[in-house]
Amino acid sequence: DGGITQSPKYLFRKEGQNVTLSCEQNLNHDAMYWYRQDPGQGLRLIYYSQIVNDFQKGDIAEGYSVSREKKESFPLTVTSAQKNPTAFYLCASSLTGGANEKLFFGSGTQLSVL
Amino acid sequence: QQQVKQSPQSLIVQKGGISIINCAYENTAFDYFPWYQQFPGKGPALLIAIRPDVSEKKEGRFTISFNKSAKQFSLHIMDSQPGDSATYFCAASYSGTYKYIFGTGTRLKVLA
């Protein structure tokens, strides 16, 4: 089945620790995204990549980093600089990253702070 | 100007009733308005979308009504079912950008 796989489903971070969330897609999509979801808030864009080896900051990129070494993979690192990391993280993809394209989402990773 | 305001925050409807969720925007450059449905512990999935050149779009029990002059659009779920219980997000975007502006979500519960 084609889709987006996020892992792990749950992740716990200790203070001062960097953690990496995995996102893999087999849809052959060019564009991939990371969103953060907090209760009572809409989805907020963290990072966006339209092509391998290129990515752009979204609205809330501070404290996060990404890489795009392969078309199918777009891992997100939550660094120790992110002081409020507890949230539900969603990875998404779209065909080319053009305007008004359908977003395909993974099932998310719930990150909590110990 | 980039906000999309969504209401209500939560909604409880009896089985068979009509669920109505409203969204309002300010940026007149927006030209694409999708609705996403999210079940607990899952990612959102596109439900239905509309462009401002039409006032209504219907897909099965789901209808988007669009009022360009009022800068408002709404999702109507007819004959609501317990399986429709989910969080619904409206969104907006415009040509020339990959960015979506999402509403804050509406948690719908349909009572059996």
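About the criteria used
For every chain, the first residue of its written sequence is number 1, and the numbers climb from 1 along that sequence. All chains are assigned letters beginning with A, and all ligands numbers beginning with 1, in the order in which they are written. At least 70 in pLDDT is required for a residue's local features to be given in this predicted model, at least 80 for side-chain atom pairs to be given and counted, and no such filter applies to totals for whole chains, interfaces and linings, which use all residues. Water and hydrogen atoms were dropped before computing side-chain values, which therefore reflect all heavy atoms in the structure. A run of H or I in DSSP counts as a helix once it spans at least four residues, and a run of E counts as a strand once it spans at least two, with each numbered from the N terminus. Computation of the radius of gyration draws on C-alpha atoms alone. For the globule rule, the value is 2.2 Å times the number of residues to the power 0.38. To sort residues, take the accessible area from a 1.4 Å probe on protein chains only and compare it with the maximum for the residue type: under 20% means buried, over 50% means exposed, and anything in between is partly exposed. Contacts are assigned to residue pairs with any non-hydrogen atoms lying within 4.5 Å of each other. Buried area: the accessible surface (1.4 Å probe) lost by two parts on joining, summed over both. We define a salt bridge as a side-chain nitrogen of Lys or Arg found within 4 Å of a carboxyl oxygen belonging to Asp or Glu. N or O atoms within 3.5 Å of each other form a polar contact, as long as, within protein, one can give a hydrogen and the other can take it, and as long as residues adjacent in sequence are counted only when both atoms are side-chain atoms. Gly counts as polar in this scheme, as do all residues outside two lists: the nonpolar Ala, Val, Leu, Ile, Met, Phe, Trp, Tyr, Cys and Pro, and the charged Asp, Glu, Lys and Arg. At least two DSSP bridges between two strands are needed for those strands to be called paired. A pair of sulfur atoms, both from cysteines and within 2.5 Å, is called a disulfide here. To get an axis, fit a line to the C-alpha atoms, keeping to the stretch in contact for a helix; angles then go from 0 to 180 degrees between the N-to-C directions. We define the nonpolar core as a collection of buried residues of types Ala, Val, Leu, Ile, Met, Phe, Trp, Tyr and Cys that are connected through side-chain atoms lying within 4.5 Å of one another.

**A look at the overall build of chain A**
A tally of helices and strands in chain A yields zero helices and 11 strands. When the helices and strands of chain A are read in sequence order from the N terminus, they spell out β-β-β-β-β-β-β-β-β-β-β. Against the 2.2 N^0.38 benchmark of 13 Å for 114 residues, chain A shows a C-alpha radius of gyration of 13 Å, consistent with a compact globule. With respect to the three principal axes, the spread of C-alpha positions in chain A is 35 × 30 × 25 Å. Expressed as a percentage of its 114 residues, the buried residues of chain A come to 49%. For chain A, the share of sequence-separated contacts (at least 6 apart) that also reach a separation of at least 24 residues comes to 54%.

**Observations concerning the interface of chain A and chain B**
Listed per partner, the contact involves 25 residues of chain A and 23 residues of chain B. Summing both partners gives a buried area of about 1,800 Å² for chain A against chain B, and 55% of it is carried by carbon and sulfur. Counting across the interface, chain A meets chain B through one salt bridge. A salt bridge links Asp 59 of chain A to Lys 99 of chain B, with the shortest nitrogen-to-oxygen separation between them at 2.6 Å. Viewed at the interface, chain B and chain A are joined by seven residue pairs in polar contact (both at pLDDT 80 or more). Among the secondary structure elements, those contributing two or more residues to the side of chain A that touches chain B are strand S4 (31-37), strand S5 (43-51), strand S6 (54-57) and strand S9 (87-94) of chain A. Of the residues contributing to the side of chain A that touches chain B, the split by class is 10 nonpolar, 10 polar and five charged.

**Quick notes on the pairing of S4 of chain A**
Residues and elements named next belong to chain A. Counting buried positions along S4 yields seven of seven residues, so the element is predominantly enclosed. Here S4 shows a buried face lined by Ala 31, Tyr 33, Tyr 35 and Gln 37 and a second buried face lined by Met 32, Trp 34 and Arg 36. Strand direction decides the pairing type here: S4 and S9, joined by seven bridges, are antiparallel. The residue bridging Ala 31 from the neighbouring strand is Ser 94, located in S9. Two strands pair when backbone bridges link them, and S4 and S5 are joined in this way by six bridges, in the antiparallel orientation. Paired with Gln 37 across the bridge in S5 is Leu 43.

**Here we look at the state of the cysteines**
Residue and element names in this part refer to chain B. Under the counting rule described, the total for this entry stands at two disulfides over all chains. Between the sulfur of Cys 23 and that of Cys 90 lies a disulfide, 1.9 Å long from S to S. Judged by the torsion about the S-S bond (-95°), the Cys 23/Cys 90 disulfide is left-handed. Separated by 67 residues along the polypeptide, Cys 23 in strand S3 (residues 19-25) and Cys 90 in strand S9 (residues 86-92) bring together distant segments of the chain. For the pair shown, Cys 23 and Cys 90 are each scored as buried.

**Topic: the sheet that holds strand S8 (residues 76-78) of chain A**
All names here are of chain A. Judged by pairing direction, the sheet is antiparallel, and its four strands sit side by side in the order S1-S3-S8-S7 without closing on themselves. Each edge of the open sheet carries a strand with a single partner, namely strand S1 (4-7) and strand S7 (64-66). Averaged over all adjacent pairs, the angle separating strand axes in this sheet is 20°, with direction ignored. Judged from the four bridges that link them, S1 and strand S3 (residues 19-25) form a sheet pairing that is antiparallel.

**Digging into the nonpolar core**
If you look at the biggest cluster of nonpolar residues, it comprises 25 residues, and the most contacted ones within it are Val 4, Phe 33, Trp 35, Phe 73, Leu 75 and Tyr 88 of chain B. Looking at this core, the elements with two or more residues in it are strand S2 (10-14), S3, strand S4 (33-38), strand S5 (45-50), strand S7 (62-67), strand S8 (72-77), S9 and strand S11 (106-111) of chain B. Broken down by element, the residue count for this core peaks at four residues, all from S9 of chain B. Every residue in contact with Tyr 88 of chain B, bar those within four places of it in the chain, is listed here: Gln 6, Ile 21, Tyr 36, Gln 37, Leu 47, Phe 62, Leu 75, Ile 77, Gly 105, Thr 106 and Leu 108 of chain B. In terms of nonpolar packing, the next biggest core, distinct from the first, is built from 20 residues, Leu 11, Val 19, Cys 23 and Tyr 64 of chain A among them.

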